[in-house]
Amino acid sequence: MTRPDGTSDPEDWLIGGREARAVVIVDADPTWPARFAQLRDQILAALPQAVRVEHIGSTSVPGLAAKPVIDVVVDVADVESHAVQAALERAGFALRVREPGHRMFRTPARDVHVHLWSDPAEIERHLTFRDWLRHDADDRARYEAVKRELATREWGDTNDYAAAKGPVIAAITERADAWAKARR
């Protein structure tokens with residue numbers, strides 16, 4: 001259901017409903033890339049048809065404090081495929097988000113999020129944001145400060161925390177896009 005402000009109710013796309021959980025930000029962990037490498041192998045074993053599997057999110061940026069959740073993006077031809085969903089479920093991931101053109105699976109421990117998008121531009125947006133934060137220390141520090149401040153608040157749902165990061169993400173994305181265009 002779409003709200004008057006144009007947003008949809010999370011109950012429409014969250015499998016299992018809203019979750020009120022504390023947001024904990026930890027210092028960067030040098031083991032995160034190795035954890036991703038294991039996940040990449042696990043995902044590719046389950047989905048050999050994947051075009052690529054990339055580490056995204058804050059844990060993919062060396063030196064950036066983050067929630068200890070590894071975010072992964074998987075490029076597949078059809079994110080809505082029942083075969084893809086079944087393969088990820090057999091590999092130990094549970095469907096959490098079902099939106100048009102987007103699926104998100106997670107581990108039972110909730111320490112991994114696997115995103116699939118049907119829009120290649122969405123994948124590139126995440127990769128550009130990641131690469132920019134790896135490149136720019138000022139925006140990396142700015143983003144970390146906002147995340148740490150927001151983590152001091154109580155959230156009715158972790159998606160509310162994610163939405164609260166929207167303004168800083170938009171500002172950083174604008175600089176990241178300009179940087180990416182200049183590199184082409």
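See above for the structure.
Treat the numbers as computed from the prediction; the structure is a model and nothing was measured.

Further remarks concern the overall build of the chain. A count of helices and strands for the chain gives 6 helices and 5 strands. The order of α-helices and β-strands along the chain, N terminus first, is α-β-β-α-β-β-β-α-α-α-α. Of all 184 residues assigned to the chain, the portion counted as buried reaches 45%. Expressed as a percentage of contacts within the chain between residues at least 6 apart in sequence, the contacts between residues at least 24 apart total 61%.

Under the counting rule described, the total for this entry stands at 13 salt bridges. One salt bridge in this structure joins glutamate 54 and arginine 130, with 3.1 Å as the shortest N-O distance. In this pair, glutamate 54 is assigned in strand β1 (residues 52–56) and arginine 130 in helix α3 (residues 120–135), connecting sequence segments 76 residues apart. Close ionic contact of aspartate 139 with arginine 175 constitutes a salt bridge, the shortest N to O distance being 2.8 Å. On the criterion of sequence distance, the pair formed by aspartate 139 in helix α4 (residues 137–150) and arginine 175 in helix α6 (residues 166–183) is long-range, its members being 36 residues apart. Overlapping salt bridges, with partners in common, bring together Glu54, Arg130, Asp131 and Arg134 in one network.

So, on to the packing of aromatic side chains. For the structure on display, the rule yields 3 aromatic pairs. Residues tryptophan 155 and tyrosine 161 carry aromatic rings whose centres are separated by 6.2 Å and whose planes lie at 70° to one another, so their mutual orientation is edge-to-face. Relative accessible area serves as the criterion here: at 16%, tryptophan 155 is assigned to the buried category. Classification of tyrosine 161 as buried rests on a relative accessible area of 2%.

This part covers the packing of α4 against α6. Where α4 contacts α6, the axes come no closer than 10 Å and their chain directions differ by 170°. By the angle class used here, α4 and α6 are roughly antiparallel. Counted together, Asp139, Arg142, Tyr143 and Val146 of α4 and Val168, Ile169, Ile172 and Arg175 of α6 form the full contact between these two elements. Here the residues of the contact of α4 with α6 are counted per class, giving 5 nonpolar, no polar and 3 charged.

Moving on to the packing of α3 against α4. At a minimum axis distance of 6 Å, the contact between α3 and α4 shows a crossing angle of 110°. Taken together, the axis directions place α3 and α4 in an arrangement best described as roughly perpendicular. Touching Phe129, Trp132, Leu133, Arg134 and His135 of α3 are Ala137, Asp139, Arg140 and Tyr143, all from α4.

Here we have 5 strands laid out as an open sheet, ordered β1-β2-β5-β4-β3, and mixed in their pairing. Because the sheet does not close on itself, it has two edges, and the strands there are β1 and β3 (94–99). Adjacent strand axes in the sheet meet at a mean angle of 20°, parallel and antiparallel pairs treated alike. In the packing of α3 onto the sheet, contacts are made with β1, β2 (70–75) and β5 (112–117), and the angle to β1 comes to roughly 45°.

Quick look at the nonpolar core now. Looking at soluble globular proteins, one finds that nonpolar side chains tend to be buried together. Judged by nonpolar contacts, the single largest core of 23 residues is most densely connected at Ile43, Leu47, Val72, Val74, Phe93, Val114 and Leu116. Of all the secondary-structure elements, those providing two or more residues to this core are α1 (32–46), β2, α2 (82–90) and β5. Top contributing element to this core by residue count: α1, with 4 residues. When neighbours within four sequence positions are excluded, valine 114 is seen to be in contact with Ile43, Val72, Val74, Phe93, Arg103, Met104 and Phe105.

Parameters and conventions
Residues numbered from 1 in each chain as written. Predicted model: local features only at pLDDT ≥ 70, side-chain atom pairs only at ≥ 80, totals over all residues. Heavy atoms only, no water. Helix = DSSP H or I, 4+ residues; strand = E, 2+ residues; numbered from the N terminus. Buried < 20%, exposed > 50% of the residue type's maximum accessible area, 1.4 Å probe, protein only. Contact = heavy atoms within 4.5 Å. Salt bridge = Lys/Arg side-chain N within 4 Å of Asp/Glu carboxyl O. Phe/Tyr/Trp six-rings, centres within 6.5 Å; stacked < 30°, edge-to-face > 60°. Axes fitted to C-alpha atoms, helices over the stretch in contact; angles between N-to-C directions. Parallel < 35°, antiparallel > 145°, perpendicular 65-115°, else oblique. Nonpolar A, V, L, I, M, F, W, Y, C, P; charged D, E, K, R; others polar. Pairing = 2+ DSSP bridges. Core = buried A, V, L, I, M, F, W, Y, C linked by side-chain atoms within 4.5 Å.

From the geometry alone we can't say anything about function, so treat these as descriptive.
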